[in-house]
Amino acid sequence: LVLAIEKDRNMVEWLRKYFKNTKNIKIICEDVLQYAISDIRQKNYMVVSNLPYNITSPVINKFLTYDNPPKEMILMVQKEVAQRLVARPGSRERGFMTVLVEFYADAKIVDIVPSDCFWPVPNVDSALIKLKNSRTQERKNNNIDSESFLRFVKVGFSQKRRQIHHPLKTGLHMPKDKVFDLLKKAEINSTKRAEDLSLEDWMRLYKQIAIYKRDDDDITQS
């Protein structure tokens, strides 16, 4: 079964006429960001899309963080966005969405699509990116709550160009000396910035801060 979601009503009418004799295609006229993803019952499904560039991050976030995520996403996105999604630690292109994608999937750029492949010709090049959901078991093994972890990472990137201890102190309302102590326990140099941290660094630091918060709550309540 192919489930096609298209916002443009004129395009939907054309597609329904074109595929009127094709039984395994269902065409829905809706904004994908408003679509009730819970309606997807199939397991091991794929998402294939030439995404409007302004909704790339929300769409990826919506599907990867869903309880029943796709096994793969094959997406046409803006070249610069694709490069950010696969940026390695130490790259200025690395951001919150990079870590989110890494947490849920293996990402790679399959091909670059020059702007002159389109008509009308856009002002930017595109890239075909593949996101393969392969980290479900790894997350379970690490016993990390996804929502809590990603909120924590977002705090870390809230002052992206500053050394990592600054956003942690401000965003988590923690004493400076305790932040330095937890960074040391997580084996992370306090002079590093959020963009320098690998996924493994973020998970180690998250666990150390979770232990500290738990122990601090225990002390407060006793």
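Along every chain, residues carry numbers that run from 1 in the direction the sequence is written. With pLDDT at 70 or above as the cut-off, local features in this predicted model cover only qualifying residues; side-chain atom pairs require 80 or more to be listed or tallied, and sums for whole chains, interfaces and linings still use all residues. Processing note: side-chain calculations cover all non-hydrogen atoms of the structure and skip hydrogens and water entirely.

**Q** Mind showing me how you'd approach helix α7 (residues 165-172) here?
**A** Per-residue accessibility, obtained with a 1.4 Å probe over protein chains only, is compared with the maximum for each type, and a residue is labelled buried under 20%, exposed over 50%, and partly exposed between these values. Only DSSP runs of H or I covering at least 4 residues are called helices, and only runs of E covering at least 2 are called strands; the numbering of each starts at the N terminus. Along α7, the residues classified as buried are His165, Pro167, Leu168 and Leu172. One face of α7 carries all of its buried residues, which in axial projection span an arc of 165 degrees. One or two residues past the end of α7 sits His173, with phi positive at roughly 55 degrees. The arc in question is the one traced by the directions running from the helix axis out to the C-beta atoms.

**Q** Help me understand the packing of helix α2 (residues 56-64) against helix α4 (residues 96-104), please; the structure alone is not making it clear to me.
**A** Each pair of packed helices can be described by the angle between their axes along with the distance between the axes. The N-to-C vectors of α2 and α4 enclose an angle of 30 degrees; their axes lie 11 Å apart at closest approach. Classified by the interaxial angle, the pair formed by α2 and α4 is roughly parallel. As α2 runs across α4, the sense of the crossing is left-handed. Here Ser57, Ile60, Asn61 and Leu64 of α2 lie close against α4, whose contacting residues are Met97, Leu100, Val101 and Tyr104. For helices, the axis comes from a line fit to the C-alpha atoms of the stretch in contact; other axes are also lines fit to C-alpha atoms, and the angle between any two N-to-C directions lies between 0 and 180 degrees. Convention used here: angles under 35 degrees read as roughly parallel, angles over 145 as roughly antiparallel, angles from 65 to 115 as roughly perpendicular, and any remaining angle as oblique. Should the near helix be turned anticlockwise from the far one by less than a right angle, the crossing is left-handed, and should it be turned clockwise, the crossing is right-handed. Contact definition: two residues touch when any of their heavy atoms are within 4.5 Å.

**Q** Please clarify how the pattern of salt bridges should be interpreted in this entry.
**A** Opposite charge on two side chains permits pairing when their charged atoms draw close. One side-chain nitrogen of Lys or Arg within 4 Å of one carboxyl oxygen of Asp or Glu is enough to make a salt bridge. Going through the model one piece at a time under the given rule, you end up with eight salt bridges. The residue Lys7 makes a salt bridge to Asp31 at a minimum N-O spacing of 3.8 Å. Residue Lys7 is found in the loop between β1 (2-6) and α1 (9-18), and its partner Asp31 is found in the loop between β2 (25-29) and β3 (46-50); the two are separated by 24 residues along the sequence. Among the residues examined, Lys7 registers a relative accessible area of 60% and is labelled exposed.

**Q** So what exactly am I meant to see when it comes to the nonpolar core here?
**A** One recurring pattern in soluble globular proteins: nonpolar side chains tend to sit buried together. Within the largest apolar cluster, 56 residues are counted, with the highest numbers of intra-cluster contacts made by Phe63, Leu64, Leu75, Leu131, Phe149, Phe152 and Trp202. When residues no more than four places from it in sequence are discounted, the contact partners of Trp202 are Val99, Phe149, Phe152, Val153, Gly156, Phe157, Ile164, Ala194 and Leu197. Each nonpolar core is a collection of buried residues, namely Ala, Val, Leu, Ile, Met, Phe, Trp, Tyr and Cys, held together in the definition by side-chain atoms within 4.5 Å.

**Q** What exactly am I supposed to notice about unusual backbone geometry here?
**A** Apart from glycine, the bulk of residues carry a negative phi angle, and the bulk of peptide bonds sit in the trans form. Of the consecutive residues Trp119 and Pro120, the connecting peptide bond is found in the cis state with omega at -5 degrees. Considering the arrangement of structural elements, one finds Pro120 in the loop between β5 (105-113) and β6 (126-133). The backbone phi angle of Asn44 is positive, close to 55 degrees, even though this residue is not glycine. Mapped onto the secondary structure, Asn44 falls in the loop between β2 and β3.

**Q** Got a minute to help me understand the packing of aromatic side chains in this structure?
**A** Each pair of aromatic rings is reported with the distance of its centres and the angle of its planes. What counts as a ring pair is set by centres within 6.5 Å for rings of Phe, Tyr and Trp (its six-membered ring), and what kind of pair is set by the plane angle: stacked under 30 degrees, edge-to-face over 60, tilted for all other angles. Tallied over the full model, the rule gives eight aromatic pairs. Each ring, one from Phe103 and one from Tyr104, has its centre 5.2 Å from the other, and the planes form 85 degrees; the classification is edge-to-face. In this structure Tyr104 comes out as buried when scored by relative accessible area, which is 4%. Taken together through their ring pairs, the aromatic side chains of Phe103, Tyr104, Phe149, Phe152, Phe157, Trp202 and Tyr206 make up a single cluster.

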